[in-house]
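What the coordinates show
Chain by chain, the residues:
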Amino acid sequence: MLAFAREEKLRILVLGGGSNIVFTKNFDGLVLMLDFRGVQVDGQKVTVGAGENWHWLVRHTLQRGLFGLENLSLIPGLAGAAPIQNIGAYGQELDQVFVELEATDLSTGEEINFTSSDCCFGYRHSIFKDELKDRMAITHITLRLCSDFTPILNYQDVVNELESLGEGIPTATDISDAVIAVRKRKLPNPDKQGNVGSFFKNPEMQSQKLEKFKQRWPDVPSRQLQSGVHKIPAAWLIEKAGMKGMSIGDAAVSTLHALVIVNRGNASSGDVLGLGARVEKQVLAEFGIRLEIEPVFY
Ligand code: EPU
C-alpha cells in the first residue's frame, strides 16, 4: 500500500477515530485506517495496537487491575492517536504513563521506535503534530501502568461526582465512573452532535500577568501548571465574551460547554472556521488573549 502511494505520488492521511480532525475540503490522496489490534501485558507494561478504542483500553486495564488511565475515561478516538495530541483530562496526561511507541515511516516503510522524549510531548502537543505531521503511522503504543492504585483527585467536578456516588474511599473504577458521568454531563456527545472536543487550547499565563488580569476579572478560574505558570480556561473567556451559543450556519459554540464547536446538522467547514475565527477575534478584543486552535485541520 505504501509502495503504491509512493509510485502514484499520493499524499497519505492516517485516520484514527477522526475525533480530532476537521476537514476543510475533500482529501486528495490515500486515507489509511490502521486496524492493529490486541493488548499485551508484561507486568505493569501494556502494549496496545493503534486501532483499539481508547475508552475500551481504559476499562480493560482497570479490569486487569492496572491503574493510571482512569482519569482519561471516555475520551473518544483510538489508542494510536492518543500520543499525537498527548490526550489529557481531569489532572492526567498521557505522557505521565507513556513509555514508547512503534511507528512506520510512511515514506520509507521503515519501522521506528519513539521514546517519550523523542515524542516531544507538551500540552496537547507532540512531534507528530508539527515536525513529523503526516510522516508516521503509529502502529503500537506502550504504557507503564501501576498495580498499586493512587487516586488523582485534583478536579473539583470529579470529587463532587464521587461524593454524590457514595461514601468511602474511591476505587479506580469509581473514579472512571465519576469521570464518565462528568463528561456526559458537561460535554456534548460526539455520536449525537458532531464535534472535535475542545476547539481551542487553554491559554497559559505567567503569575504576574495573571495577578494583573485578576484585578480586572477577579472571578477568572486558573490552574497552576508549574511554578509561575498558570492555565486559564478558554471556555471561561469565550463565555464571558458572550459567544456561548453563537452560531454561523449550523456551526455553533456549544450551549453545554463554550470550548466546543458543534455541528447542529449541515455545518460546512467554512461555517466552522468562520465561527472559530469570530470567537478568536472576540476573545482577543475583549481580553487581549489570542486563542490557539487545538484540533488538526486538513
Ligand atoms: N467554563 C465556562 N463555561 C463553559 C465551560 C467551562 O466558563 O461553558 C469554565 C468553568 O469555570 C470551568 C472551567 O471553564 O471550571 C474549566 O472547564 P472544564 O473543567 O470543563 O475544563 P476545560 O479547561 O474547559 C480541559 C480540556 C478538556 C478536558 C477538561 C477536563 C483543554 C483544551 N481541554 O477543558 O479536554 O476534558 O479540561 O480535564 O485542555 C479535549 O481536549 O478535547 C477536552 C475535552
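Residues numbered from 1 in each chain as written. Predicted model: local features only at pLDDT ≥ 70, side-chain atom pairs only at ≥ 80, totals over all residues. Heavy atoms only, no water.

**Here's the deal with empty space enclosed by the protein**
Condition: Cavity means a closed set of points on a 1 Å grid over the protein atoms alone, one where a 1.4 Å probe fits but cannot get out, pocket means an open set with protein on both sides within 12 Å along at least 5 of 7 lines, and lining means a residue has an atom within 4 Å of a point. Grid points are joined across faces, edges and corners, and a volume is the space filled by probe spheres set on the points. Every helix listed is a DSSP run of H or I at least four residues long, and every strand listed is a run of E at least two residues long, numbered separately from the N terminus. Asp, Glu, Lys and Arg are counted as charged, while Ala, Val, Leu, Ile, Met, Phe, Trp, Tyr, Cys and Pro are counted as nonpolar; the rest, among them Gly, fall into the polar class.
Within the structure shown, the criterion is met by 1 cavity of 30 Å³ or more. Taken as a whole, the largest cavity spans an internal volume of roughly 540 Å³. If you list the elements that add at least two residues to the lining of the largest cavity, you get β1 (12-15) and β10 (136-144). No other element matches the 3 residues that β1 contributes to the lining of the largest cavity. The residue makeup of the lining of the largest cavity, split by class, is 20 nonpolar, 9 polar and 4 charged.

**Let's talk about the domain arrangement of the chain**
Rule in force here: Reported domain spans reflect what an automatic or database domain assignment gives. In what follows, residue pairs with any heavy atoms lying within 4.5 Å of each other are defined as contacts. Once two parts are brought into contact, the accessible area they lose, counted with a 1.4 Å probe and summed over both, makes up the buried area. Salt bridge, as used here, is a side-chain nitrogen of Lys or Arg placed within 4 Å of a carboxyl oxygen of Asp or Glu. Identification of polar contacts relies on pairs of N or O atoms within 3.5 Å, with a donor-acceptor requirement for protein atoms, meaning one able to donate a hydrogen and the other able to accept it, and with residues adjacent in sequence counted only if both atoms are side-chain atoms.
Its domain assignment divides the chain into domain 1 (2-144) and domain 2 (195-297). Every contact between the two is made by 12 residues of domain 1 and, on the other side, 13 residues of domain 2. Summing both sides of the interface, domain 1 and domain 2 together bury roughly 1,200 Å²; the carbon and sulfur share of this comes to 55%. The largest contributions to the domain 1 side of the interface with domain 2 come from Asn20, Val22 and Tyr123, which together make up 52% of the buried area. The tally of links between domain 1 and domain 2 comes to 1 salt bridge. Lys129 is the salt-bridge partner of Glu294, the closest N and O atoms lying 3.2 Å from each other. Along the contact surface separating domain 1 from domain 2 lie 6 residue pairs in polar contact (both at pLDDT 80 or more).

**Some words on the nonpolar core**
Here is the rule: We define a nonpolar core as any set of buried Ala, Val, Leu, Ile, Met, Phe, Trp, Tyr and Cys residues linked to one another through side-chain atoms lying within 4.5 Å. In this scheme, a residue with accessible area under 20% of its type's maximum is buried, one over 50% is exposed, and one in between is partly exposed, where area comes from a 1.4 Å probe on protein chains only.
In terms of nonpolar packing, the biggest core is built from 36 residues, with Trp54, Leu69, Leu101, Phe128 and Leu143 touching the most fellow members. Only β5 (45-49), α2 (54-63), β8 (98-105), β10, α4 (156-165) and α5 (172-186) provide two or more residues apiece to this core. Sequence-distant contacts of Leu101, that is, excluding residues within four places in its chain, are made with Pro83, Ile112, Asn113, Phe114, Cys119, Phe128, Ile138, His140 and Ile141. Val196, Leu237, Ile238 and Leu259 belong to the second largest nonpolar core, which has 30 residues in total.

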